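A closer look at the structure
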Amino acid sequence: MNKFKQPFFMKKDINAENDIDLLVTLFYEKIKANTTLAPFFANTNWEHHLPRMKEFWYFILLDKPGFRGNIYDSHSNRGIKAPHFDTWIELFCETINENFEGEIATKAINKAKELAMLFSWKLTETEGK
Ligand code: HEM
């Protein structure tokens, strides 16, 4: 390929709410299809949870105020253990890498890894391995 030509399909960065809507939708499709993680969401009301997750990522990635909540508490007493976070991160990174690339896409991955490590550490401390 001529090195000055753009490839036919270039992935874009996450720049707008629409991009986050797509990210969240595709990510939870993967979660629902994953036999390890799906059971944690057995009682989830998706009409409530998906908009919450979108608001969360608008706040983290686009600096849009709106999301409030103690996200650590949402994960305690559910039996979530360190290996579950590895699978969660794997699916999240896969969703980003299949659809986006750029500075904000990288920020999303780093932020998710940071929070997963924090949750995993705190849950292990309080609920055991
Ligand atoms: C093994 C990994 C994880 C599991 C199994 C898990 C599971 C859950 C569940 C079951 C809920 C509650 C959904 C409901 O309303 O029924 C929830 C909420 C939430 N999770 Fe996770 N989660 C995981 C990792 C993460 C990570 C790494 C992040 C952040 C990057 C995250 C962000 C959130 C947020 C923002 C909420 C919404 C809290 C609220 O509505 O106030 N989760 N999660």
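First, a word on what this report is: a plain description of the structure on this page.

**Comments concerning unusual backbone geometry**
- The phi angle at D63 is positive, at roughly 55°, despite the residue not being glycine.
- Structurally, D63 can be placed in the loop between helix 2 (46-62) and helix 3 (82-99).
- Look at D63 and you get exposed, because its relative accessible area is 62%.
- Here N77, not a glycine, exhibits a phi torsion of approximately 55°, which is positive.

**Considering the site of the ligand**
- As a matter of local geometry, the ligand sits amid 22 residues, with F41, T44, R52, H75 and W88 nearest to it.
- For the ligand, an oxygen atom lies 2.7 Å from a polar atom in the side chain of R52.
- Note that a nitrogen atom of the ligand is positioned 2.8 Å from one of the side-chain N or O atoms of H75.
- Taken atom by atom, the bulk of the ligand overlaps the largest pocket.

**What to know about the layout of surface pockets**
- Approximately 720 Å³ is the volume attributed to the largest pocket.
- F41, H49, M53, S74 and H75 are the residues nearest the centre of the largest pocket, which is lined by 28 residues in total.
- Elements that contribute at least two residues to the lining of the largest pocket include exactly helix 2, helix 3 and helix 4 (103-127).
- Of the residues belonging to the lining of the largest pocket, the class tally is 16 nonpolar, ten polar and two charged.

Reading the values: rules and limits
Residues numbered from 1 in each chain as written. Predicted model: local features only at pLDDT ≥ 70, side-chain atom pairs only at ≥ 80, totals over all residues. Heavy atoms only, no water. Helix = DSSP H or I, 4+ residues; strand = E, 2+ residues; numbered from the N terminus. Buried < 20%, exposed > 50% of the residue type's maximum accessible area, 1.4 Å probe, protein only. Near = heavy atom within 4 Å. Polar contact = N/O pair within 3.5 Å; in protein donor to acceptor, adjacent residues only side chain to side chain. 1 Å grid on protein atoms, 1.4 Å probe; cavity = no way out; pocket = protein on both sides within 12 Å on 5 of 7 lines; lining within 4 Å. Sits in = over half its atoms within 2 Å of the grid points. Points joined across faces, edges and corners; volume = space filled by probe spheres on them. Nonpolar A, V, L, I, M, F, W, Y, C, P; charged D, E, K, R; others polar.

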